[in-house]
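Fold and geometry: a report
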Amino acid sequence: RTSTAKDVEGRFRRLVYRTAFGRIPLDRLKTTDVRRWLADQTKQDEDSDEEDLRRAKDSANRNLASLKAALNRALSDRLVATDSGWKTVRAFERVSARRKNAFLSMAARHRLLEKCDDDLRVLVEAMLLTGARPGELAMLNASDFDRKFGSLTLRGKTGERTVAVSTAAAEFLSNLARSRIGNAPLLITSTGGRWNKDSWKKPFKEAVIAAELPPDVVLYALRHTAISEMIMSGMDSFVVAKVTGTSVQMIESNYGHLSHDKVRDRLDSVRMF
């Protein structure tokens with residue numbers, strides 16, 4: 001598809017084109033080159049946690065799949081005589097499954113919100129109300145919220161999307177945007193700057209500990225929680241995927257089990273004989 005081609009083009013621009021790895025002739029490409037290329041994508045800073053590493057490996061696996069597809073095409077087009085340089089390189093295992101503490105119960109959410117400082121509480125509430133990625137919320141400007149139509153324009157890893165928000169979310173965002181205009185950040189830290197991973201990681205971890213939640217709970221768990229609630233409420237997977245900027249395939253593979261009870265209720269209402 002066009003969107004897939006655009007996505008892969010972006011991956012190659014970042015990781016292959018005009019890089020030392022990309023300049024290796026196909027007939028000289030070694031397994032160690034590809035493995036090193038894959039491993040370099042998962043390097044983390046000292047403040048990173050297990051979820052950061054899991055997500056980095058998950059992303060690296062998608063990059064590897066795109067790379068192998070291109071190299072296999074080169075092989076089929078006889079641009080190279082053998083696939084020995086990449087055939088045995090394996091993706092990272094068990095990195096797509098989310099951690100067991102990714103979903104927060106209603107009680108856990110309330111405890112967490114009570115322990116958040118005012119600025120962090122706004123970010124947490126925004127994630128729960130929208131299901132957006134934290135980076136997408138950090139990039140929001142006041143002008144990205146349309147009060148008239150109750151819509152929000154988000155930008156991030158999947159490009160730009162404008163989506164409808166709930167009445168509660170619209171009221172929440174309206175209050176934030178009331179004192180801000182134009183390109184002013186919609187969500188800000190206590191110092192008036194934009195949020196980023198470095199600014200939210202420590203205070204969020206402190207709030208998690210204070211709320212007596214499992215220590216491996218990370219900010220991204222709020223997105224997982226929001227998506228889970230959308231699915232359990234009966235929302236169509238296509239709509240959830242569109243609102244949260246992901247694919248129906250991802251929704252079905254990671255959250256499909258949550259809709260089983262809804263499907264069972266509908267099946268029970270059907271008479272077969």
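Our subject in this report is the structure included herewith. (Residues numbered from 1 in each chain as written. Predicted model: local features only at pLDDT ≥ 70, side-chain atom pairs only at ≥ 80, totals over all residues. Heavy atoms only, no water.)

**Describing a nonpolar patch on the surface**
There is a patch of nonpolar side chains on the surface, built from Met235, Phe238, Val239 and Val248 and spanning about 330 Å² of accessible area. Mapped onto the fold, Phe238 is located in helix H10 (residues 237-244). Classification of Phe238 as exposed rests on a relative accessible area of 55%. (Patch = residues over 30% accessible without salt bridge, like charges linked within 9 Å, V, L, I, M, F, W, Y side chains within 5 Å. Areas by Shrake-Rupley, 256 points an atom, 1.4 Å probe, with all protein chains shown as cover. Salt bridge = Lys/Arg side-chain N within 4 Å of Asp/Glu carboxyl O. Helix = DSSP H or I, 4+ residues; strand = E, 2+ residues; numbered from the N terminus. Buried < 20%, exposed > 50% of the residue type's maximum accessible area, 1.4 Å probe, protein only.)

**Details of the environment of Gly193**
Looking at where Gly193 falls in the secondary structure, it is placed in the loop between helix H7 (167-177) and helix H8 (197-210). Residues Gly193 and Ala69, spaced 124 residues apart in sequence, show a C-alpha to C-alpha distance of 42 Å. Apart from residues lying up to four places away in sequence, Gly193 is in contact with Leu187 and Ile188. (Contact = heavy atoms within 4.5 Å.)

**Thoughts on the pattern of salt bridges**
According to the stated counting rule, one finds 12 salt bridges in the structure shown. Ionic pairing is found between Asp7 and Arg11, a salt bridge with its closest N-O pair at 2.8 Å. Taken together, the residues span about one helical turn, with Asp7 and Arg11 both in helix H1 (residues 2-15) at a distance of 4 residues. Close ionic contact of Arg121 with Glu125 constitutes a salt bridge, the shortest N to O distance being 3.0 Å. In this pair, Arg121 and Glu125 are both assigned in helix H5 (residues 118-130), 4 residues apart and thus about one turn of the helix distant. Residue classification places Arg121 among the partly exposed positions, given a relative accessible area of 32%. A cluster of three or more residues bridged by salt bridges with shared partners is formed by Arg133, Glu136 and Arg161.

**With respect to H8**
For H8, built from 14 residues, the straight-helix expectation of 20 Å at 1.5 Å per residue is met to within 8% by its first-to-last C-alpha distance of 20 Å. Of the positions making up H8, those classed as buried are Trp200, Lys201, Phe204, Ala207 and Val208. For H8, the buried positions fall inside an angular range of 145 degrees around the axis, keeping them on one side. Opposite its buried face, H8 presents the exposed residues Asp198, Lys202 and Ile209, each directed more than 90 degrees away. For H8, the side-chain oxygen to backbone nitrogen distance between the N-cap and Asp198 is 2.9 Å, and the N-cap itself is Asn196. (Expected span 1.5 Å × (residues − 1). Arc of directions from axis to C-beta. Polar contact = N/O pair within 3.5 Å; in protein donor to acceptor, adjacent residues only side chain to side chain.)

Bear in mind that shape data such as this cannot, by itself, settle questions of function.
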